[in-house]
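# Structural overview
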Amino acid sequence: MQNEIAKTMSLESLVNREWILPNGLGGYASGTFSGINTRKYHGLLVGGFEPNGGRYMYLAHLEERIFIGEHRFFISAHKYLSDSIYPRGFIHLLDYGLKKQEVWFRFGKFRDYDLQVIKRIRSLPGKQQVLISYEFVGQTDGVRFDLLPLVTRRNIHTVRRDAPYHSERGADWTSTLPFDVCRFLRHKSNPNLSGFSIKYPQISSRLYIGSHEMVFNHQGEWYHDFQYDLEMQRGY
């Protein structure tokens, strides 16, 4: 499937075509070309084997919003219980491809605006990192891009059922997150990078999410009741 270019844009085809980018340490990034996660194992940052022998999901998904004037567009997609799909970012997908250590998507058809967005996801060999970039081509005046990372920490063989920050079937919601979110203005290993870090209780691991150009705004929105179709077929 390397260097393969999209041949069809039907939702059925996009959902059934999966990709995976291993990092050589037991971790990976994976998903479908529709943007909808159909397995509990799909996610953008799964860490390699930890001391307890498990692998954990740290970054499950991204909510990607483009604002042009009074119009809002999504290039992300999720599926919720009862077969509800929202948003439907795949309607803007023009083509996609996969090559060694990188998957890419090209979005367009934003009404009458002459704008295309090229999204690239790279897994870095030998590192517990994923690099996600966006290239805006064409009419970029007045364009705003919002990116909401859906962060978590769960074993890849389980799904959250009672935590507010990434819960597929949660019912008990609280007003606080079960981890600490800290803003950093300059990352010590990359002074040009700004963003935030997440400290998890009872473990030493931290999740760093940074960008060279974006501004971090902590809002703490929660997403829950995701439906993973392939897991439901297996009876999870």
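Every value quoted in this text rests on a predicted model; they were computed, and no experiment measured them. (Residues numbered from 1 in each chain as written. Predicted model: local features only at pLDDT ≥ 70, side-chain atom pairs only at ≥ 80, totals over all residues. Heavy atoms only, no water.)

So, on to the environment of P87. Looking at the secondary structure, you find P87 in strand β8 (residues 84-88). Taking relative accessible area as the criterion, P87 reaches 1% and is therefore assigned buried. Expressed as a C-alpha distance, the spacing of P87 and I36, which sit 51 residues apart in the sequence, is 9.7 Å. Those residues within four positions of P87 in sequence are excluded, and the remaining contacts are E63, F74, S76, A77 and H78. (Helix = DSSP H or I, 4+ residues; strand = E, 2+ residues; numbered from the N terminus. Buried < 20%, exposed > 50% of the residue type's maximum accessible area, 1.4 Å probe, protein only. Contact = heavy atoms within 4.5 Å.)

Turning our attention to the confidence of the model for the protein chain. Per-residue pLDDT for the protein chain has a mean of 83; in total, 81% of the residues score no lower than 70. Within the model, the stretch residues 1-5 combines pLDDT values under 50 with 15 contacts to residues more than four positions away or in other chains. Within the model, pLDDT remains below 50 along residues 163-177, and this stretch shows 58 contacts once partners closer than five positions in the same chain are excluded. (pLDDT = per-residue confidence, 0-100.)

A word on the environment of V46. Considering the arrangement of structural elements, one finds V46 in strand β4 (residues 43-46). In the structure, V46 is positioned twelve residues away from Y58 in sequence and 5.9 Å away in space, judged by C-alpha atoms. Not counting residues within four places of it along the chain, the set of residues in contact with V46 comprises N23, G27, Y28, Y41, R55, Y56, M57, Q128 and I156.

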